[in-house]
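Descriptive analysis of the structure
Now for the letters of each chain:
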Amino acid sequence: MSENAITRRSFLAGSAGVAAVAAGAGFLSFNAWEQADARGTSDIDHHTAHSLCNSCSSKCGFTGYVVDGKLGKMIGDANHPNCEGTLCGRGYGFASIAYNEDRLTDPLKKNGGKFEKITWDQAYSEIAEKVKAIIDEKGPQALAMVQDPRPSGSYYTKRFMNALGSPNVYTHGAACNMSKNAGFTQVIGTGDFTSDVANSKMTMFIGRSYADAIKPSQLHAMQKAHENGAELVIVDPRLNNSIAFADEWVPINPGTDLAFILAMAHVVVHNKLYDASYIAENTVGFEEWADYLKDCTPAWAEEITGISKDTIERLATDLATAAPAASIEPSWRGAYGCSYANSGETARAVCCFNTLLGCWNQEGGAFFGNSVKAGNLDKEKFPPVPKPEGKIAGADEYPLSLAGMGVNVYAAELAKKGEIKGMFFYNSNMVAGYSNPKYLEDCLSNLELSVAIDIQMTETCQACDYVLPDTSYLERLEVPEFIGGKIPAVSLRDQVIEKIHPNTKPVDEIFTELAEACGVGEYFPFTIEELADAQLRTVGLTLDGLRVAGTARFPEKTFKFGKTPTWKTPTGKIQFSSDACHAAGYPSVPQWTEPVASVPEGDNYFRLIGGKQAVHTHTQTANVPALMNISKQYNLDRVWINASRAAKLGIAEGDEVEISNDEAKGTVKVHVTERINPEALYMPSHYGCSSKDEKTAYGFGLRQMDFVPFRIEPGYGGICSQEAIVSVRKVGA
Ligand SMILES: Nc1nc2c(c(=O)[nH]1)N[C@H]1C(S)=C(S)[C@@H](COP(=O)(O)OP(=O)(O)OC[C@H]3O[C@@H](n4cnc5c(=O)[nH]c(N)nc54)[C@H](O)[C@@H]3O)O[C@H]1N2
Ligand SMILES: Nc1nc2c(c(=O)[nH]1)N[C@H]1C(S)=C(S)[C@@H](COP(=O)(O)OP(=O)(O)OC[C@H]3O[C@@H](n4cnc5c(=O)[nH]c(N)nc54)[C@H](O)[C@@H]3O)O[C@H]1N2
Ligand code: SF4
Ligand SMILES: [Mo]
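The sections below set out a description of the structure shown in this document.

What counts as what
- Residues numbered from 1 in each chain as written.
- Chains lettered and ligands numbered in written order.
- Predicted model: local features only at pLDDT ≥ 70, side-chain atom pairs only at ≥ 80, totals over all residues.
- Heavy atoms only, no water.
- Near = heavy atom within 4 Å.
- Polar contact = N/O pair within 3.5 Å; in protein donor to acceptor, adjacent residues only side chain to side chain.
- Areas by Shrake-Rupley, 256 points an atom, 1.4 Å probe, with all protein chains shown as cover.
- Nonpolar A, V, L, I, M, F, W, Y, C, P; charged D, E, K, R; others polar.
- Buried < 20%, exposed > 50% of the residue type's maximum accessible area, 1.4 Å probe, protein only.
- Helix = DSSP H or I, 4+ residues; strand = E, 2+ residues; numbered from the N terminus.
- Contact = heavy atoms within 4.5 Å.
- Salt bridge = Lys/Arg side-chain N within 4 Å of Asp/Glu carboxyl O.
- Pairing = 2+ DSSP bridges.

All right, on to the site of ligand 1 then. Close to ligand 1 lie 35 residues, the nearest being Arg208, Asp236, Gly334, Lys612 and His616. Between ligand 1 and Asp212, the relevant distance is 2.8 Å, taken from a nitrogen atom to a main-chain nitrogen or oxygen of the residue. In the model, an oxygen atom of ligand 1 is placed 2.7 Å from a nitrogen or oxygen of the Asp236 side chain. Here ligand 1 has 910 Å² of accessible area as a free molecule, and 100% of this is covered by the chains. In the shell around ligand 1, the residues fall into 13 nonpolar, 14 polar and 8 charged.

As structure tokens, this is what we get:
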């Protein structure tokens, strides 16, 4: 530990030097240090270290205060762009995972359905033998990796797979935001943008809740916009908790956002509320889209969306009036990240609509920010890995999907077909979260090699043959994390506490040693410290410096509003029409496409929707007692049902109901509320864990994914997580 620890003395010595490297660094104050040092005597081990929360993709930066070897407190780092000094409850709660009684402590192998402890040497040699056999038989394309992008995880998993010759490195994207990013890419040539909410006159949130699905900096921006008097509108079948800072809830029918946006576009185009010269200079396909939009009247959309034509007309006009300091916020997952068969097309429509507002790179509108990346490294020390042959599996079948994410569920299907024979899972609970768990388990059971690298015994671990125990994020140093934005940044996950379980290993060691066992060790002749330091030196920093600062900003790269971006589309323009979409079987301009599943007539049918709760992340926090106690105390596992629909079914608040469809059946209590659209049944996303070795999580609530039929969105590759209809009845009725 000692070389990672920043003792009081080295902190004071280092802080003078670091000011030069960490522009704007808001590292801890002397007072804060004094608090951590309350016991004041020099014989007690006490130090601080900067880390990045691993509870969600925001990876907020914080300072960990360690006393007697244990994490005592965490303070969000003010200069970390996603956190701005505030951590959310999940961040604090999840840190206790390091000390969780269900931690994986040793490598495991499945034997006759039961797991037994094995040595690392045995694990490496058996896995390597299978890897080699698979490559000999079917080539490296028969291997795949699924990983949740974390700093070291992204680097080492990709390098390992590419060293073996496989291009098949998947993220969780197809179960998160890939359809959205892919749809955006077709229009604006890039997968994401940022709404300048804080400075906007009006922002519309379509299926995005800053207050439930938290990134602290976004919530700060929303609060600021609210205080500034901006018009903030929430379009959501469910009245989410962001309403505290918003003006209006638009309770749309689930899966119909595309019709809503098309009708708003109709209003703006029909009433000529757009900047014609901007459209003429920057876009292709406008006439074709405008022609299609003629029939997309607010009255037409009212039928589909359940939103009155007057509301649609008013909101579209308000947005156009507030433009260019207005936008539809990019959203993340809820409405069109991966939910429906029309998600990618909905995303396209969002970007087309924002184009009508002329808001790109305008203050208060939507912008693209700047980024900083690590430069080239010394080739001797960090030998480049040859690019694997061929494309990631699924790229041809889902031509609009993004190669950087890949269609992870298609890889599972290939496993079922015997075309993929070996799969690795790093920091990923695919089985419980990426589509129907029963189906995914079945796919994985066909593999010759399945390896999960995790910290707790999840459903995915249970479905694999080998389970390797990572250290928790608090116990390891990782590759630096570069973060784009208004002022780009680089941030460090340093080791905060000593390893707790001696037989666990950090991710960098696992993949370095696995690579050696598989005969490709020549690509890993460096330590994580050497790699991190080399990357940082390419941007004028050092590992020692960033260890003290935690986060460094690049003010010289500050983004400036006003400049029209270079559009990285095939035409070099914003594309109302896309040849690639047309080739993939969609209309060339975004048109109304229905979701595949529709709610049948009958009092007891609903569309099942999901959504985050502020105290949990996906499937990974349900086994954290501190967070689960909140869920239990407040009955957070209840499903939400609309009050008038409940009345028809004789269902009252707190009743036990049975939810069923062809995929699954289960009972749970209900929350009867006016805060949900009558068509929708909301099941919180975080419960229903089926792994008995996660003792806190097991058996609490239902799992939304159990009710979702396995389906992949044509072209885009999303998992269609809300193409699920369920029937509801009161238990005992
Ligand atoms: N607390 C918490 N915060 C998180 C995470 C977490 O797990 N927990 N995860 C992080 C990650 S990885 C992600 S992707 C983001 C997700 O961020 P979001 O996408 O904002 O999160 P969700 O809660 O899934 O969905 C947002 C809203 O979409 C609504 N919705 C559902 N269906 C529809 C629809 O058809 N149309 C419309 N208009 N709305 C719909 C839901 O009711 C919900 O209120 O959150 C990030 N932050
Ligand atoms: N049921 C359900 N499914 C979902 C979602 C949901 O909320 N509920 N959300 C969707 C969204 S938005 C996304 S982005 C994806 C996210 O999908 P994933 O990225 O797979 O997220 P989790 O389900 O939280 O699983 C994370 C896994 O990483 C493990 N882990 C945590 N820390 C470490 C570590 O330090 N090292 C290693 N090796 N493993 C670690 C956890 O134990 C857990 O098994 O899921 C999607 N699917
Ligand atoms: S938003 Fe919360 S859970 Fe996510 S990284 Fe930040 S502190 Fe952790
Ligand atoms: Mo996500």
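Within helix α19 (residues 528-537), 7 of the 10 residues are buried, which leaves it mostly tucked inside the rest of the structure. Every buried residue of α19 is accounted for by Ile528, Leu531, Ala532, Asp533, Ala534, Gln535 and Leu536. Of the surrounding secondary structure, the elements contacted by the buried residues of α19 are α5 (151-164), β18 (481-483), β19 (489-491), α18 (507-517) and α20 (543-549).

The subject of this paragraph is the pattern of salt bridges. What the rule picks out here adds up to 27 salt bridges. Its salt-bridge partner being Glu478, residue Arg493 comes within 2.8 Å of it at the nearest N-O pair. On the criterion of sequence distance, the pair formed by Arg493 in the loop between β19 and α18 and Glu478 in the loop between β17 (466-469) and β18 is long-range, its members being 15 residues apart. Classification of Arg493 as buried rests on a relative accessible area of 0%. Sharing partners across several salt bridges, the network here consists of Asp470, Arg476, Glu478 and Arg493.

A few words now on the pairing of strand β24 (residues 656-660). The element β24 is extensively covered by neighbouring structure, given that 4 of its 5 residues are classed as buried. Count of turn residues in the β24/strand β25 (residues 665-673) antiparallel hairpin: 4 residues. Both β24 and strand β27 (residues 725-730) contribute to a ladder of 4 bridges, which runs antiparallel. Residue pairing across strands places Val657 opposite Lys730, the latter belonging to β27.

By themselves, these observations are geometric and do not establish any function.
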